[in-house]
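Topology and contacts: notes
Chain residues, written in single-letter form:
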Amino acid sequence: VELRKPVFGPYFLTLQAGCIVDLQEAGWSYQRIAAHVGHNLSVKPGIRTSTTVALNASAQTSKISTNVIGYWLLGCSGMVFGAVILGGVTRLTESGLSMVTWKLFGERLPRTEQEWLEEFEKYKQYPEFKIKNKDITLEDFKWIWYMEYGHRMWGRAIGAVFYIPAAVFWARGWFKAGMKKRIVAFGTLIALQGLMGWYMVQSGLEDRFDGQSDIPRVSQYRLAAHLSLAFILYTLLLWSAFDHLIPAEKLKTAVTSSARKFRWLCHSCKGMVFLTALSGAFVAGLDAGLVYNSFPKMADRWIPDDIMAYSPKISNVTENPTTVQFNHRILGTTTLCLISGMWVLSRRMKLPPRAYTAATDNRVLGWPVTLGICTLLWYVPVTLAAAHQSGSLVLLSLAVWLTHELKHVKRIVK
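Residues numbered from 1 in each chain as written. Predicted model: local features only at pLDDT ≥ 70, side-chain atom pairs only at ≥ 80, totals over all residues. Heavy atoms only, no water.

**Re the UniProt feature "transmembrane region" (unreviewed entry) in the protein**
- Residues annotated by UniProt as "transmembrane region" (unreviewed entry) correspond here to residues 68-89, 153-171, 183-201, 221-242, 271-292, 326-344 and 364-380.
- For residues 68-89, the helix share is 100%, the strand share is 0%, and the end-to-end C-alpha distance is 32 Å.
- Split by type, residues 364-380 is 71% helix and 0% strand. Its first and last C-alpha atoms lie 21 Å apart. (UniProt positions renumbered as here; feature names shortened; annotations may be inferred. Helix = DSSP H or I, 4+ residues; strand = E, 2+ residues; numbered from the N terminus.)

**Details of helix 11 (residues 353-361)**
- When we look at burial in helix 11, the residues that qualify are A355, A358 and A359. Down the axis of helix 11, the buried set is contained in an arc of 100°. They therefore lie on one face.
- The inward-facing, buried residues of helix 11 abut helix 10 (321-346) and helix 13 (382-405). (Buried < 20%, exposed > 50% of the residue type's maximum accessible area, 1.4 Å probe, protein only. Arc of directions from axis to C-beta. Contact = heavy atoms within 4.5 Å.)

**What about the packing of helix 10 against helix 11?**
- Where helix 10 contacts helix 11, the two axes come as close as 9 Å, and the packing angle between them is 150°. One finds that helix 10 runs roughly antiparallel with respect to helix 11. As for how helix 10 packs across helix 11, the hand of that crossing is left-handed. On the side of helix 10, the interface is formed by M342, W343 and S346, while helix 11 contributes Y356, A359 and T360.
- Residues of the contact of helix 10 with helix 11, tallied by class, amount to 4 nonpolar, 2 polar and no charged. (Axes fitted to C-alpha atoms, helices over the stretch in contact; angles between N-to-C directions. Parallel < 35°, antiparallel > 145°, perpendicular 65-115°, else oblique. Left-handed = near helix turned anticlockwise from the far one by under 90°. Nonpolar A, V, L, I, M, F, W, Y, C, P; charged D, E, K, R; others polar.)

**Digging into the pattern of salt bridges**
- Across all of its chains, the model carries 16 salt bridges by this definition.
- The residue E121 makes a salt bridge to K124 at a minimum N-O spacing of 3.3 Å.
- In this structure, K142 and E139 form a salt bridge, with 3.5 Å as the shortest nitrogen-oxygen distance. Placement of both K142 and E139 in helix 5 (residues 138-172) is noted, with a separation of 3 residues, approximately one turn of the helix.
- Classification of K142 as buried rests on a relative accessible area of 12%.
- Overlapping salt bridges bring together E107, E148, R152 and R156 as one network. (Salt bridge = Lys/Arg side-chain N within 4 Å of Asp/Glu carboxyl O.)

**Some details on the side chain of R217**
- Relative to the helices and strands, R217 is located in the loop between helix 6 (177-205) and helix 7 (220-245).
- Apart from the residues lying within four places of it in its own chain, the contact partners of R217 are R91, L97, S203, G204, R208, F209, G285, L286 and D287.

**Quick word on unusual backbone geometry**
- The omega torsion across F295 and P296 is 5°, close enough to zero to call that bond cis.
- You can see P296 is positioned in the loop between helix 8 (257-285) and helix 9 (316-319).
- Following S311, the chain continues into P312 via a peptide bond in cis, with omega recorded as 0°.
- In this structure, P312 sits in the loop between helix 8 and helix 9.
- The backbone of D300 shows a phi angle near 65°, a positive value even though the residue is not glycine.
- Secondary-structure assignment places D300 in the loop between helix 8 and helix 9.

**Some words on helix 7**
- For helix 7, spanning 26 residues, the distance from its first C-alpha to its last is 37 Å, which sits close to the expected 38 Å at 1.5 Å a residue.
- Counting buried positions along helix 7 yields 21 of 26 residues, so the element is predominantly enclosed.
- Capping the start of helix 7 is the job of one residue whose side-chain oxygen sits 3.2 Å from the backbone nitrogen of Y221: S219. (Expected span 1.5 Å × (residues − 1). Polar contact = N/O pair within 3.5 Å; in protein donor to acceptor, adjacent residues only side chain to side chain.)

If you want it as structure tokens, here you go:
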């Protein structure tokens, strides 16, 4: 009998499948055996005062593989979280258009001064330099180039961290049929995310900025699509990680109609968090945070005069900076009220134990809302704006956790 400590998971005993070992004979208490072996054991009374333990080797391997997959998925979701924050900083520092070419595997850092000059000359051929950055120096260019390069390399690192272990786990047969479908979906989303990132950058390199007053920037529609894919990928990875590491608890009592309605309310809160974050992408894409820097009113008005200045009227929703900022404010306030109401209702519901903790933690909504107001009042400093975006992603994570804990609150048992 050999006691081992794997990379992930608890200690386990190396035994042959189906063998029976008397560990109490060696002075092991039942509590110690259960602590090391876990749930993969069957206890049978011995002839005298001893207890025999039969360990199923395949079940133990399955438990270890489940933990490994869970931590791997959690790590991938964490890397996507980092990519969202890094992408936000890249946008805030206006570094995203510094790299004017895209190669999947051929991008590398310039090594010599001559290579830097060649890269700088490429940049000079595009609208951002011609209209906005005519006076930029080579050293300044290097800084924004490093920012964009870091964001792209981080995205490629996500691909490597996902695809390589996924291939290994698939070959070992660690994925169940349903999980295989998820892995294919995750891999597809990662590839689409990279392609959408370049498609977004291209919109800022196009020759569509005519006047000197035009500001070269990426399309707010493509930016919103790029961010949406990242949020979707992040939530799906996180949900699957929860499935492996902290499976949702079931109610010990019958599921009531009110609990089922509460579950749909929680999903609505999660959808509102996502929608508010999506509207934030339009705020970033149009620099709408610099239009009205007062709160709660906008230039001493609850509804600004130019909220419907564009024609056709529907275009104001996604193209008028005033309307975009106004909508983001309304969505943020509505989400705050909705989640606050959800938390109050959760105190009166019969829910799985961890669901109460998740519902309480969702009150962290005050953090991103407060940071958003401060970001607005102080004219969008990079640090506050990045903290505001990270706060929205933390809130989305908590909303995902809450709905995951309620996944079994479906059928009404009479």
